[in-house]
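The primary structure of each chain is shown beneath.
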Amino acid sequence: MLPAPHFLAPTAQRPAPQRAARLWQTTAFRAIAIATVVLAIAAVLVVAMVTRSANDAMSRATVAALDHEGAALRLAYAQGGLDALVRRIGERVGGGSDYHYRLNDGNGGRLAGNLRENPGFGTESRGGGTFRYRPASDDLRSDAEARVSPNANGERLAAAGAFVLTDRLTLIVARDVEQQRIFLAQTNRSLGLGVALLALLGLGAGIALARHILGRVD
């Protein structure tokens with residue numbers, strides 16, 4: 001009499017937590033996960049270096065431009081006195097200059113220029129810095145410029161240099177750097193998304209490879 005046929009019993013499906021634990025235990029997944037973390041850290045460092053280098057280059061160019069404009073106005077003051085300086089500032093403002101100006105007296109009052117408020121840094125000595133300002137409607141050169149507003153109240157970022165002419169005269173020369181700030185913010189956002197995508201792709205590749213290896217083992 002022939003023996004009864006013998007069939008292999010189907011392998012029971014492992015629970016999901018057990019399968020996930022096995023994925024973490026595979027050498028392939030661990031290696032890819034470590035490589036992904038290392039690449040992500042390296043990418044973050046590269047992003048930080050690129051952003052800092054771009055910011056430093058833009059800052060140096062802005063400071064050089066402010067120093068050059070300040071030197072030209074100080075020369076006008078040295079050659080023609082206060083009247084010549086006020087006239088030169090008025091010509092620049094009326095001609096649609098990229099700069100903003102404020103000539104202060106000894107009490108901080110405005111003698112000339114289109115900056116209606118003193119910047120939020122000390123102007124008693126040569127120096128400068130960045131500050132927020134709200135341009136008047138006639139200061140905006142185009143509707144496109146007006147649409148690039150960082151917040152609801154329309155404030156923009158500017159960099160300025162303060163130049164002491166005499167004990168009672170301080171010249172402030174400023175330049176709008178809002179678009180530079182927006183460019184750097186957008187660059188950081190794009191590079192950050194790229195780093196996140198790189199990490200997700202690496203982890204996805206590790207999971208796929210580990211599942212493939214476990215499937216062959218099973």
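Residues numbered from 1 in each chain as written. Predicted model: local features only at pLDDT ≥ 70, side-chain atom pairs only at ≥ 80, totals over all residues. Heavy atoms only, no water.

### Regarding the sheet that holds strand S2 (residues 110-113)
Taken together, the 5 strands give an open sheet; going across it, the order is S2-S1-S5-S4-S3, and neighbouring strands pair in antiparallel fashion. Pairing within the sheet leaves two strands with one partner each, and these edge strands are S2 and strand S3 (127-133). The average undirected angle you get between the axes of adjacent strands in this sheet is 25°. Sheet topology places S3 next to strand S4 (residues 156-166); 7 bridges connect them, and they run antiparallel. By the bridge assignment, arginine 132 is partnered in S4 with leucine 157. (Pairing = 2+ DSSP bridges. Helix = DSSP H or I, 4+ residues; strand = E, 2+ residues; numbered from the N terminus. Axes fitted to C-alpha atoms, helices over the stretch in contact; angles between N-to-C directions.)

### Concerning the packing of aromatic side chains
Counting across every chain of the model gives 2 aromatic pairs. Each ring, one from tyrosine 99 and one from tyrosine 101, has its centre 6.4 Å from the other, and the planes form 45°; the classification is tilted. For tyrosine 99, a relative accessible area of 14% corresponds to the buried category. Ring centres of phenylalanine 131 and tyrosine 133 lie 6.1 Å apart, and the angle between their planes is 55°; on these two criteria the pair is classed as tilted. Of the two residues, phenylalanine 131 and tyrosine 133, neither departs from the other in class, the shared state being buried. (Phe/Tyr/Trp six-rings, centres within 6.5 Å; stacked < 30°, edge-to-face > 60°. Buried < 20%, exposed > 50% of the residue type's maximum accessible area, 1.4 Å probe, protein only.)

### Regarding the pairing of S2
Examined bridge by bridge, strand S1 (residues 99-104) and S2 share 3 bridges and lie antiparallel to one another. Each bridged residue has a counterpart across the sheet, and for leucine 103 the counterpart in S2 is alanine 112.

### A word on the confidence of the model for the protein
Mean pLDDT for the protein: 77, with 73% of residues reaching 70 or above. Taken as a whole, residues 5-12 scores under 50 in pLDDT and shows 0 contacts with residues more than four places along the chain or in a different chain. Confidence over residues 138-150 falls short of pLDDT 50; this stretch has 20 contacts with residues more than four positions distant or in other chains. (pLDDT = per-residue confidence, 0-100. Contact = heavy atoms within 4.5 Å.)

### Examining the pattern of salt bridges
Applying the stated criterion to the full structure yields 6 salt bridges. One salt bridge in this structure joins glutamate 91 and arginine 88, with 3.9 Å as the shortest N-O distance. Residue glutamate 91 and its partner arginine 88 are located together in helix H2 (residues 27-94), separated by 3 residues, close to a single helical turn. On the accessibility criterion, arginine 88 (34% relative accessible area) is partly exposed. We note a salt bridge from arginine 181 to glutamate 178, for which the minimum N-O separation is 2.7 Å. Residue arginine 181 and its partner glutamate 178 are located together in helix H4 (residues 178-217), separated by 3 residues, close to a single helical turn. Look at arginine 181 and you get partly exposed, because its relative accessible area is 29%. Residues participating in the shared-partner salt-bridge network are Arg132, Glu178 and Arg181. (Salt bridge = Lys/Arg side-chain N within 4 Å of Asp/Glu carboxyl O.)

### Description of the environment of threonine 170
Structurally, threonine 170 can be placed in strand S5 (residues 169-176). A sequence separation of 67 residues divides threonine 170 from leucine 103, and the C-alpha atoms of the two residues are 5.9 Å apart.

### Brief notes about the nonpolar core
Counting residues in hydrophobic clusters, the biggest one holds 17 residues, and the most contacted among them are Leu73, Ile89, Leu103, Leu171 and Val173. Of all the secondary structure elements, the ones that give two or more residues to this core are H2, S1, S4 and S5. Here the element with the most residues in this core is H2; it accounts for 5 residues. (Core = buried A, V, L, I, M, F, W, Y, C linked by side-chain atoms within 4.5 Å.)

### Some points on the pairing of S1
For S1, the buried fraction is high: 6 of the 6 residues fall into the buried class. Residues Tyr99, Tyr101 and Leu103 of S1 are buried on one face, and the alternating residues His100, Arg102 and Asn104, pointing to the opposite face, are buried as well. Here 6 bridges tie S1 to S5, and the two strands are oriented antiparallel to one another. Paired with tyrosine 101 across the strands is valine 173, a residue of S5. Between the end of S1 and the start of S2, which pair antiparallel, lie 5 residues, with glycine 108 showing a positive phi angle near 85°.

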